Amino acid sequence: MKKCIFYTYAYNAEKTMARAIESVLAQTEQNWIWYLLDNASTDGTGQIIKQYASKDSRIIALRNKQNHVHEKGNSWTEIIANYDDCDYLCFLDADDEYKPHFLMSMGQFISNNDLDIVACGNDFINETNKNLIEIRKLDHNLVLDTPEMFDTHFSAYHQFMRTVWCKLYKVSVLRRFDFSRIPSIHYGYDTLFAIENFHNANRVGILADSLHKYYMYPKSSSYQLDATRITCDRILDDTARAFLIDKCGSISPLNNRYLQLVYFNGISDTAAVLLNATLSQHAKLQSLYDLLTHKTTKEMFQQSDIPDEQLDVKLRTPVINWLLAQKKYRTFNSAEMTVEILIAIYPHLSPFIKKEALKFLLLKIPDMIPYVLRKDYNRIIERFQTWYKNRDVDEPSLTEMEIFAYRSANKPDDQLLLHLLDIKKDRPLSSEKLKIDMQIANLLTKYKLDKFAHLLMDDKDISD
């Protein structure tokens, strides 16, 4: 490795800027240069950068007049134009730090394996109390240099494609960066950046060591609802799948299952952020509808091997609890969206209950919904019996669901027959539409007629 070019965006980072700078100054390998960009900070960040730059010529102080609007020469694409193909670029956030042997260890790994990109693990640290939360790293070094390696080890190295930091990127690889493949999103852009570079690299290495400290904040952008947050998870999923197809020729069943899990974790986090966001109830419902009824989400619930318990804890239960706590979903238009959400995240509902019946329950018997979702057929039957006592309702879709519950609960045939006879007597619309006479006749053909004689005494049409 000829030289390392560090690059940092800093905005109002006066509380952490010195920590980041000192971590680079403490590197045991000193062959580096650092472009420290002040993104129009309104605190003392710019002054701290200037002070360090005045003491070390390797630190180049840059400034934008407006946050995220680059002045000429300040972007990484312009900076690497001044360096050789064999140099490497490394990003560092203004609130993080690299461990002292980061650059030396990464450089040695590059030299030993002729790597285009090298990544390492990192420590996750609580910024508030400075406690170590967890460490992300591999158990052994990994070098990816063939389509088979990129395919076989995808689940191992994918976690290292999620961030822009913790890596050294060869300048020759960065020069092949294709911005047309990178959608304009804020949340998840780091992942798109890393995937694009992994796509363009011939040899990628993952060093089995944690050499970076990532400080986590409870109010970071990961916990905020960005304008593109609802669509970012599907964009990331599409990009990862395109990467595998381009790099490996196909997506193996194992990698497909892994990506479904990644997508599930992503939309679970997005749903949590959404439910905690400062939005109107209707706006939240519309956003949940967009998130959960998208075709990728539906396919995940229909095809994935993710355990129901995991689906419930991370996504279904929080969403259902919120939906059932809102009264506004009981309007006609909101109920339509709520029904679509329920059908999407509980695919087993489709053969059991029609959309119009589910909507009816939302509007009229909302306390029935948890029983329906759990497929608690006995409680459904009990609740219907209580509800019908004081109501003269003939809704075929409800009746069909009730009959389905009787059959699924394995109720004795004489109880089912009694119920069908009651429907024939009291619900003419349901009786005709659901062909109750035929259902009764089919039930009777299974047994000798005298078994049910006492039930048919009052129903001359059927007994005849």
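Residues numbered from 1 in each chain as written. Predicted model: local features only at pLDDT ≥ 70, side-chain atom pairs only at ≥ 80, totals over all residues. Heavy atoms only, no water.

Trainee: Is there a simple way to explain the overall build of the chain in this structure?
Mentor: For the chain, the helix and strand inventory stands at 23 helices and 10 strands. Computed over the C-alpha atoms, the radius of gyration of the chain is 31 Å, more than 25% above the 23 Å expected from 2.2 N^0.38 for a compact globule of 464 residues. The 464 residues of the chain split such that 51% are buried. Intrachain contacts of the chain at a sequence separation of at least 6 include 73% that bridge at least 24 residues. Just so you have it, the chain exposes about 22300 Å², and 49% of that area is on carbon and sulfur atoms. If the 57 positive side-chain charges of the chain are averaged to one point and the 62 negative ones to another, these points end up 3 Å apart. (Helix = DSSP H or I, 4+ residues; strand = E, 2+ residues; numbered from the N terminus. Rg over C-alpha atoms; globule rule 2.2 N^0.38 Å. Buried < 20%, exposed > 50% of the residue type's maximum accessible area, 1.4 Å probe, protein only. Contact = heavy atoms within 4.5 Å. Areas by Shrake-Rupley, 256 points an atom, 1.4 Å probe, with all protein chains shown as cover. Lys, Arg positive; Asp, Glu negative; His and termini not counted. Charge placed at Lys NZ, Arg CZ, Asp CG, Glu CD.)

Trainee: Before we go on, may I ask you to explain the pattern of salt bridges in this structure?
Mentor: Side chains that carry opposite charge are capable of pairing whenever their charged atoms lie near each other. Evaluation of the coordinates by the stated rule reveals 22 salt bridges. Across the pair Glu196 and Arg181 runs a salt bridge whose closest N-O atoms are separated by 2.8 Å. Taken together, the residues span a long stretch of sequence, with Glu196 in helix 8 (residues 189–200) and Arg181 in the loop between helix 7 (171–174) and helix 8 at a distance of 15 residues. Take Arg181: its relative accessible area is 36%, and that puts it in the partly exposed class. Members of the salt-bridge network, linked through shared partners, are Arg19, Glu127 and Lys130. (Salt bridge = Lys/Arg side-chain N within 4 Å of Asp/Glu carboxyl O.)

Trainee: I tried to follow helix 2 (residues 45–55) on my own but got confused; where do I start?
Mentor: For an α-helix, the turn length of 3.6 residues means that residues three or four places apart are oriented alike. If you check which residues of helix 2 are buried, you get Thr45, Gly46, Ile48, Ile49, Tyr52 and Ala53. Down the axis of helix 2, the sector holding all buried residues measures 160 degrees, keeping them to one side. What points out from helix 2, more than 90 degrees from its buried face, is the exposed set Lys50, Ser54 and Lys55. Check the buried side of helix 2 and you find it contacts strand 1 (4–10), helix 1 (17–25), strand 2 (32–39) and strand 3 (59–64). (Arc of directions from axis to C-beta.)

Trainee: Honestly, the packing of helix 1 against helix 2 in this entry has me stumped. Any pointers?
Mentor: The relative placement of two packed helices is expressed as an angle between their axes plus a distance between the axes. As a packed pair, helix 1 and helix 2 sit with axes 10 Å apart at the nearest point and diverge in direction by 25 degrees. It follows that helix 1 is roughly parallel to helix 2 by the angle criterion. With respect to the hand of their crossing, helix 1 and helix 2 are arranged in right-handed fashion. Judged by residue contacts, Met17, Ala18, Ile21, Glu22 and Leu25 of helix 1 engage Thr45, Ile48, Ile49 and Tyr52 from helix 2. Residue classes in the contact of helix 1 with helix 2 are distributed as 7 nonpolar, 1 polar and 1 charged. (Axes fitted to C-alpha atoms, helices over the stretch in contact; angles between N-to-C directions. Parallel < 35°, antiparallel > 145°, perpendicular 65-115°, else oblique. Left-handed = near helix turned anticlockwise from the far one by under 90°. Nonpolar A, V, L, I, M, F, W, Y, C, P; charged D, E, K, R; others polar.)

Trainee: It is not clear to me how unusual backbone geometry should be interpreted in this structure. Could you clarify?
Mentor: Most peptide bonds are trans, and most residues other than glycine sit at a negative phi. Its identity as a non-glycine residue notwithstanding, Asn12 has a phi of 50 degrees, on the positive side. Assessed through its relative accessible area of 31%, Asn12 is described here as partly exposed. Unusually for a residue other than glycine, Cys166 sits at a positive phi of about 70 degrees. Assignment of secondary structure puts Cys166 in the loop between helix 6 (154–157) and strand 9 (167–170). Overall, the relative accessible area of 2% leaves Cys166 in the buried class.

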